[in-house]
Amino acid sequence: MSSPAHILVVDDAPWIRNLLAKILRRYGYAVETAENGQLAIDYFIKHHPDLILMDADMPVLDGITACQQIKKRPEAENIPIVMVTAIVETQWIDSAYAAGATDYITKPVNMDVLRNRLDYILQAKRAKEALFEEKEKALVTLASICDGVITTDAKGNVDFLNPVATQLTGWTTQEARGLHLNQVFSIINEKTQQPIEFIIQHCLEECEEVKENGTILIHRQRKKQFAIENSAAPIRDRKGHLIGVVLVLHDVTETRKMTKELSYKAKHDALTGLYNRLEFQAQLKNIIQSQHDENTHHVLLFMDLDRFKIVNDTCGHEAGDQLLKNVALILQKTVEAHITFRKATLARLGGDEFGLLLENCTDQAALDIANNLCKSIERFNFFWENDEKEKSLFRIAISIGLVQISAQMSNPKSIVALADTACYAAKNAGRNGVHLYQENEEILQVQNLQWVSLINSNLEKDQGFFLFYQPIISLRDNTKNYYEILLRMNDQEERLVPPGAFLSIASRYNLMPSLDIWVIRKVLKWFRSHPKHLDKLTLTTINISAYSLNDPNFLDTVINGINEIEIPTHKLCFEIAETTALNNFTGVLDFIITLKKLGCRFALDNFCSGIASFSHLRNLPVDFIKIDGSLIKSIVSNKIDYAMVKSINDIAHLMQIQTMAANVENQATLDKLKEIAVDYVQGYWIAEPMKIDYIK
Amino acid sequence: MIESESITITPIYAPKNLKRLGEILGYEMTRHFILQFMEAAPTQLATLRQLFDTGNADRLRSKAHQFKGECLQLGAIRLGSLCEQVENLATQGKYEVIPEKLAKIETELVLFEAALKSGGQL
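Rules of the game
- Residues numbered from 1 in each chain as written.
- Chains lettered and ligands numbered in written order.
- Predicted model: local features only at pLDDT ≥ 70, side-chain atom pairs only at ≥ 80, totals over all residues.
- Heavy atoms only, no water.
- Helix = DSSP H or I, 4+ residues; strand = E, 2+ residues; numbered from the N terminus.
- Buried < 20%, exposed > 50% of the residue type's maximum accessible area, 1.4 Å probe, protein only.
- Contact = heavy atoms within 4.5 Å.
- Areas by Shrake-Rupley, 256 points an atom, 1.4 Å probe, with all protein chains shown as cover.
- Axes fitted to C-alpha atoms, helices over the stretch in contact; angles between N-to-C directions.
- Parallel < 35°, antiparallel > 145°, perpendicular 65-115°, else oblique.
- Left-handed = near helix turned anticlockwise from the far one by under 90°.
- Core = buried A, V, L, I, M, F, W, Y, C linked by side-chain atoms within 4.5 Å.
- Pairing = 2+ DSSP bridges.
- Phe/Tyr/Trp six-rings, centres within 6.5 Å; stacked < 30°, edge-to-face > 60°.
- Lys NZ or Arg CZ within 6 Å of the ring centre and 35° of its normal.
- Buried area = accessible area lost by both parts, 1.4 Å probe.
- Salt bridge = Lys/Arg side-chain N within 4 Å of Asp/Glu carboxyl O.
- Nonpolar A, V, L, I, M, F, W, Y, C, P; charged D, E, K, R; others polar.

Student: I tried to follow the overall build of chain A on my own but got confused; where do I start?
Tutor: Scanning chain A from terminus to terminus reveals 27 helices and 29 strands. Taken over 696 residues, chain A has a buried fraction of 49%. Once local pairs closer than 6 in sequence are excluded, the contacts in chain A between residues at least 24 apart make up 63%. Surface accessibility of chain A: about 34,800 Å² in total, with carbon and sulfur atoms responsible for 50%.

Below, the structure is given as structure tokens:
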């Protein structure tokens, strides 16, 4: 049960004061009294009664002045003050209301009128307080919710903004009140970026709730923008008449950002920022599905980096990742520079493979772009410094396969596979090149298989392959008791096929281990049957391919072969390409250490064709390095190449490693090599390769 | 004199007021308030006379106003009317008539008490 209302009765006449107090108590009120205006003020400050019943004409301080002073106090905003007076002149009534009086009652007081009037006024006060509480709760609720809330009147003029709405718009309620919503706030369509109006117009006209997505709200100071979802709902009075609109702004900036990010991540490669394989295939599928016109040409490029694995294996994945990022950027810039009107989709398909989809593009235009891509990558020098401040410089290349997408092609994966095949062909043709897939590529495939069949069948025959040798001369003493073993194949018409024609096929179809084993066995067998020659021989070098070193049985087969024949193993030197050593460092090291225990020697072939890593050289116990022929060829004309060869030679000697120079094709080159003091030379100027049977 | 005439035609008191008070407060309590009024009334009159004698017009007006309110609230219509006349005369500065009015108040108090007694209120 609620406590009775607390009333202060103020009258200078003690008899009336007591009478009124007694009667009001009978009515159920809690009553206190005061005998003049000043005492009434003092009482109000201390006790905050619910209502004051105050005589107007009193000594010390009259009721009107006291009412005025009480009403000035902020806490008195809602206290009803009822004046009691015999004076009923209009002027006096006006001044009583002007002083803040809630109502008045005349003397002599009709107690029934008094009771009803006080009941009504106190009821109104309680209703007002309840309304105020409700409003406060509503305001606190509005201030606490995460959405922006704006209310307008029936014309769309702003009434109120909650704090979140103020934060989103930059407008406070005070600033915006009375202004039309569309004058005050600025929104644009997210897709078109064009200004649009808030949806309240429809809400005002049709009196129904409206929702809208895809909107950007621009902050008043234009510094910030928010992605919002907004809804407008009509506010109706008791009779159902529209009295305003409540607009709710839901800030979805973060959600939309996350959605965009997720969508971006689903379509893009995290490392390079290019499209990923999935998106590339989706774009390709779209092209295929929309390709109904026979005259529309699209081309797909499949790109594979050459020598990427070396960077990854020698400097780690961090370097490899950085290289891929750089390559992606180069490809992107080159494509942008050469694609002015066509649509191009560049993607990282995985590892060091990239794809490029050129729409409405002729074969020739695509070839031009592919060649430009090759040049751009070839020109790029990748510099890497690891945590120990060791510096490395790499030059890489890219092989590109192209396939024209015809109207008959319907499977995206098959198209990518054809481009991959063309890319492989480009690699086989010597890397850093471009190969356009032809309709007759399948015929070439058949031809390749014929080569495979021939190699396999020759491996079974005694005369299927022939050993050749190319002398190597020691520049120290001009002795010629050194040579490199080379291989030639007998075709079906008894013609000798050079290795360039069949080694790529053998590599592709995993025949290299068989060929290397064939050579080693054949050489060992030949030595056994030519003991006098073996006595005179100082050193013979035999090439070992990377594929053989990856074969788990290869090392055992070589050891068994050597053990079967009693041979001074120090006369056997295996040549391993520098790139092979870098690609499979552990395997190569294991191979070298094992065979070195048997006495065999080793040469690092094609040194400086890749990166000429002396730090790796330090860790590989090789006896010789064979400087790459392409470098030797240019030492006469190119001072830098000369200096490089000289440096390599000097460093190798400091490391107790002897040097060999291949591709010596003229006297000038030989003279320069003598000047540099290379240990051994080899090349057509020295001696051409000859059948081993002709050896003297 | 209009005022004298008006007094003669006006009843001494309005029994309805006291009846309603009795209904609200009970007759004992109402009687208690009447007695309080009657006991204080000579003092009230004496104060009015003293204020008149000392020439304190403002306090005289205020006191007359206060006494008027009490009289009217109790239903003593004629007493209230006489107090209002004193209040107005003090406001207007017409002091010469005031002693006469104070004398009438004294007479009216006696009449009022008699009326209450005959009406069974005292």
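Student: How should I be thinking about the packing of helix α5 (residues 77-92) of chain B against helix α6 (residues 98-118) of chain B in this particular structure?
Tutor: All names here are of chain B. Contact pair α5 / α6: the axes reach a minimum separation of 9 Å and the direction vectors enclose 165°. By the angle class used here, α5 and α6 are roughly antiparallel. For the pair α5 and α6, the crossing hand works out as left-handed. The residues of α6 that touch α5, namely those facing R78, L79, L82, C83, Q85, V86, L89 and A90, are I98, K101, L102, K104, I105, E108, L109, L111 and F112.

Student: Where do I start with the nonpolar core in this structure?
Tutor: Nonpolar side chains tend toward joint burial in soluble globular proteins. Residues and elements named next belong to chain A. I455, F574 and L595 are the most contacted members of the largest nonpolar core, which totals 76 residues. Ranked by residues supplied to this core, first place goes to helix α18 (residues 512-529) with 10 residues. With residues near it in sequence (within four places) discarded, F574 still touches I520, I542, I544, V558, I562, L595, C600, R601, F602 and A603.

Student: I would appreciate a short explanation of the sheet that holds strand β3 (residues 51-55) of chain A in the present structure.
Tutor: Within a sheet, neighbouring strands are paired by backbone hydrogen bonds and run either parallel or antiparallel to one another. All names here are of chain A. Spatially, five strands are ordered β2-β1-β3-β4-β5 in an open sheet, and the strand pairing comes out parallel. A single partner strand is all that each edge strand has here, and the edge strands are β2 (30-34) and β5 (103-106). Direction aside, the axes of adjacent strands within the sheet are offset by 20° on average. Together, β1 (6-10), β2 and β3 form the strand contacts of helix α1 (residues 14-26), whose direction differs from that of β2 by roughly 170°. Lying on the sheet, helix α3 (residues 63-72) is in contact with β3 and β4 (81-85); it crosses β4 at an angle near 175°.

Student: For this particular structure, what's the right way to read the packing of aromatic side chains?
Tutor: Each aromatic ring pair is characterised by the separation of its centres together with the angle its planes make. Applying the stated criterion across every chain, the model contains 20 aromatic pairs over all chains. Between the aromatic rings of A:W15 and B:F37, the centroid separation amounts to 5.8 Å while the plane-to-plane angle is 65°, which identifies the pairing as edge-to-face. Placement of the pair is A:W15 in helix α1 and B:F37 in helix α3 (residues 27-53), with the two residues belonging to separate chains. Across the pair, exposure class does not vary: A:W15 and B:F37 are buried alike. Aromatic side chains A:F591 and A:F602 sit 5.9 Å apart centroid to centroid with 80° between the ring planes, which places their arrangement in the edge-to-face category. A residue pair is termed long-range when its members are at least 10 positions apart, and A:F591 in helix α23 (residues 585-597) and A:F602 in strand β25 (residues 601-607) qualify at 11 residues. Overall, the relative accessible area of 2% leaves A:F591 in the buried class. The structure contains a cluster of three or more aromatic residues connected by ring pairs, namely A:W15, B:Y13, B:F33, B:F37, B:F67 and B:F112. The ring of A:F468 has A:R488 lying over it, and the distance from NZ or CZ to the ring centre is 5.0 Å. One residue, A:K672, lies across the ring of A:Y642, its end atom 5.2 Å from the ring centre.

Student: How should I be thinking about the interface of chain B and chain A in this particular structure?
Tutor: Note: interface size is frequently given as the accessible area lost on complex formation between the parts. Across the contact, 19 residues belong to chain B and 18 residues belong to chain A. Of the roughly 1,800 Å² buried between chain B and chain A on both sides combined, carbon and sulfur atoms contribute 63%. Viewed at the interface, chain A and chain B are joined by two salt bridges. A salt bridge links A:D112 to B:R20, with the nearest nitrogen and oxygen atoms 2.5 Å apart. With 10 residues, the single largest contributor to the side of chain B that touches chain A is helix α4 (residues 57-74) of chain B. Residues of the side of chain B that touches chain A, tallied by class, amount to eight nonpolar, seven polar and four charged.

Student: Is there a simple way to think about the pattern of salt bridges in this case?
Tutor: Should the charged atoms of two oppositely charged side chains come close, the side chains can pair. Inspection of the entire model under this criterion finds 32 salt bridges over all chains. Put simply, A:D650 and A:K646 hold a salt bridge, and the shortest N to O gap is 3.4 Å. Here the residue A:D650 and the residue A:K646 both occupy positions in helix α26 (residues 639-654), the gap between them amounting to four residues, near one helical turn. The partly exposed category is assigned to A:K646, whose relative accessible area is 34%. Between B:K19 and B:E23 there is a salt bridge whose closest N-O contact spans 3.5 Å. Here B:K19 pairs with B:E23, and both are found in helix α2 (residues 15-25), just four residues apart, close to one helical turn.

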